[in-house]
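Structural characterization, general
Chain residues, written in single-letter form:
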Amino acid sequence: MFENLSDKLQRVLKNLRGEGRLTATHVDETLREIRMALLEADVNFKVVRQFTESVRSKALGQEVLDSLAPGQQVVKVVRDALVEMLGSRTARLEFAPNPPTVVMLVGLQGSGKTTSSGKLAAWLKNGGRRPLLVSVDVHRPAAREQLGLIARDVGARVWEGTGTQTPVDLGLGALREARNSAHDVVIVDTAGRLHVDEALMVELDGIRDALEPREILFVADAMLGQDAVRSAERFHERLGLTGFILTKMDGDARGGAALSIQSVTGRPIKFLGVGEKYDALEPFHPDRVVSRILGMGDILSLIEKAEAIVDRKQAVELQKKAASNAFTLEDFRNQLRQVRRMGSLESILGMLPSIGPFKNLNKVDVDEKELTRTEAIIDSMTPAERRNHRILNGSRRKRIARGSGTSVQQVNQLLKQYVQARKMMQGLAAGRAKNTGKRKKGRRGRGIGRVPV
Amino acid sequence: MELITLFGTPGPRDPTIRDKVRNAVSRTRDDLAARLRDVVANRPEIDSDLLDDLEAVMIGADIGVRTTHEILDAIRERVARDGLKDPARLRQALRAELRKALDVEAPPLAGAEPGEPFVVFVVGVNGVGKTTTIGKLAHRFRRSGHTVMLGAADTFRAAAIEQLEIWADRTGVPVVKQRPGADPSAVVFDTLRSAAARGVDYVIVDTAGRLHTKHNLMAELEKMTRIAGRQVDGAPHEVLLVLDATTGQNGLIQAREFARTAGLTGVVLTKLDGTAKGGIVTAVVRELGIPIRFVGTGETIEDLVEFSAEAFVDSLFAA
């Protein structure tokens, strides 16, 4: 469904040609598709209506930049406006001047508060803090056990309290404990609740008043639909949110709810939850989420990310090597490591748009273990073998298999892949040399070539 | 970001879009549905404003822009063909159309081979309320005089087994479990064997929440259904997808993927006690042709009712 939408948008963009300034036709035709895209992404319809109206008046008469088609210029205005709405800079977690800083997580049932609490603890630990976790969820069966298990997994302490304590007492106990044992952040995991459940909302008031949290983060599921505005607004009115965490971004929901929530609360997104593992919590970058909501993928951030890691010089060298057929197993391993440093393969693939050449890529099965195995095999080779794979005879292969805990078949398979990759790189390098002269403007397109695959 | 400044108009940004949108959206409780009622009551003729309002109500209920347009187009055609002029009749026509879309026959939850358990799998993405639904479902089966056994095949999420056990205690039904991290298919195997040995009527299997985009987890689910089929003829007899009413358009994609790997036979719509309408099920039912079995309306064990298209359509247009 989304593919169709993107395709359609692409077609509209292509058809709008010429002219130095944006005309009503350009703007209206493009905005009609944008409106559909935003609604499909679950942006609240009132937000969409007001937003497209505002963008329309802003875009009309604007100069079209040389390098863009008029339709693209409109998308660009839309994109900028969306980034502006979501906050143009990355929001940080605020810490109290006098520790411990209390961070309270609130939200609907099943939005991912407990998992996010664990991830936040892991993230804080990584940043050199000493977080203490406490669950004040006395309602959901086994909720507190869940937080205890997660805390154990991330190596953070959890304040257990006793089974009969009220949420406020549990929170206060944790606060005292944090002061006594020099924990500088207390993460308070609250029970999920509906914004219309008055009794439970009153409970939240009490917890907030007793603990005076520095941050009250609304945990919202990226799959939320039109109702996101209502729940976020009620929570915000009640508690005064300081920001929100958007979870389950590792799925394929477009996350339009982020825009809706932002619109009614005016508060920034602080983190994204992007996976089942406890390190799968990322600081939020507005421009990336905007690309995703618009359904154009996060290709820009992929390039950024890749460029940050791959040393340009190294990239140039690699290209040369590829062209001259000197791409060794050592280079193969380096590339592999660079890719892995970008995060899990799944999260990288998730950033690609679901259009064009990447259409089916995100359906590819990714086996992280396979990468580990490949690295182990190459690690078990001697430098001479890595530089020249042709000397790998049967007995060398047997030794490598033993050394890496794999089988000779697996070693053979890797070598086959390597030879293929080498061939492909030669082809790419030759192709690129031919193309660069012709396509000066294709900056984004060329950038992709640098992503090691 | 570089690209923005590269293309953007120089100088300070105009803050108005943000403010404007915010003003327009706050006070979301202003009652669109009530306004629609007024519109319908007071306007003598069907006009584009009325159709726009209907569209807003439907999209606002998460029915989705495509399904909404398809349904409204059908209505418009009917209006033109029948010379329909009265707004009240239009509203009736729309409700009838929606009811028709949602009314799929739901065969009874029975029909296992004599002496074998009727096996129900409960599947869905994370956090939709699978375990809670199982508790309520077990209670429902028990209340109608049947014996029930639960299978704790969510061996992944921390404390999932404990959560299921608490529900089992409340309903007084046995749970078959293994260690956390155990192979869920093995849990299915154990559960069905034990159920067959004890002559249990219903087996409900709790599965780990999984995003439909995680191919390895979806493959695991496929394996679990295969193992069940090997153990008991025709099992799983029922595969229920739990959908959260707050979910937007992604719900359809979830349903599609789960249908493909696990062969869905029905939907349970949870969290309908909030303000979300759960309209995405309209698209799910239309596309997959499977019935909505139950609706979750609260946190207590009794809060699971059979789905009624009539009541559901009513709630779409209610305040």
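Preceding this paragraph is the structure being described.
Just so we're clear, the structure is a prediction, and the values are computed from it rather than from any experiment. (Residues numbered from 1 in each chain as written. Chains lettered and ligands numbered in written order. Predicted model: local features only at pLDDT ≥ 70, side-chain atom pairs only at ≥ 80, totals over all residues. Heavy atoms only, no water.)

1. Focus: the nonpolar core
Formally: Nonpolar core, defined: a set of buried Ala, Val, Leu, Ile, Met, Phe, Trp, Tyr and Cys residues in which side-chain atoms within 4.5 Å join the residues together. Any residue under 20% of the maximum accessible area for its type is buried, any over 50% is exposed, and the rest in between are partly exposed; the area is computed with a 1.4 Å probe on protein chains only. Every helix listed is a DSSP run of H or I at least four residues long, and every strand listed is a run of E at least two residues long, numbered separately from the N terminus. Reported domain spans reflect what an automatic or database domain assignment gives. Here a residue-residue contact requires only that any non-hydrogen atoms of the pair lie within 4.5 Å.
One finds Leu94, Leu98, Leu102, Leu150, Val188 and Ile204 of chain B to be the most contacted residues of the largest nonpolar core, which totals 91 residues. Take this core: its biggest share by element is six residues, from strand E1 (residues 118-123) of chain B. Residue-level mapping places this core at the junction of two domains, with at least three residues from each of domain 1 (16-102) and domain 2 (118-316) of chain B. Discounting chain neighbours no more than four positions away, the residues touching valine 188 of chain B are Phe121, Ala153, Val205, Met224, Ile227 and Ala228 of chain B. Of all hydrophobic cores here, the second largest spans 73 residues; its members include Leu108, Leu170, Val188 and Met249 of chain A.

2. A word on unusual backbone geometry
Negative phi is the rule for most residues except glycine; trans is the rule for most peptide bonds. In this structure, the amide linkage connecting proline 99 of chain A to the following residue, proline 100 of chain A, adopts the cis form with an omega of 0°. Within the fold, proline 100 of chain A resides in the loop between helix H4 (70-86) and strand E1 (101-106). For the peptide bond that leads from alanine 235 of chain B to proline 236 of chain B, omega is -10°, which places it in the cis range. Secondary-structure assignment places proline 236 of chain B in the loop between helix H10 (215-231) and strand E5 (238-244). Positive phi, normally seen in glycine, also occurs at alanine 142 of chain A, with a value near 65°. Counting through the fold element by element, alanine 142 of chain A comes out in the loop between strand E2 (131-135) and helix H6 (143-154). Under the relative-accessibility criterion, alanine 142 of chain A is labelled buried at 4%. In this model, glutamate 212 of chain A sits at a positive phi of 45°, which is unusual for a non-glycine residue. By the element assignment, glutamate 212 of chain A lies in the loop between helix H8 (198-211) and strand E5 (215-221). Glutamate 212 of chain A gets classed as exposed once you look at its relative accessible area, which sits at 66%.

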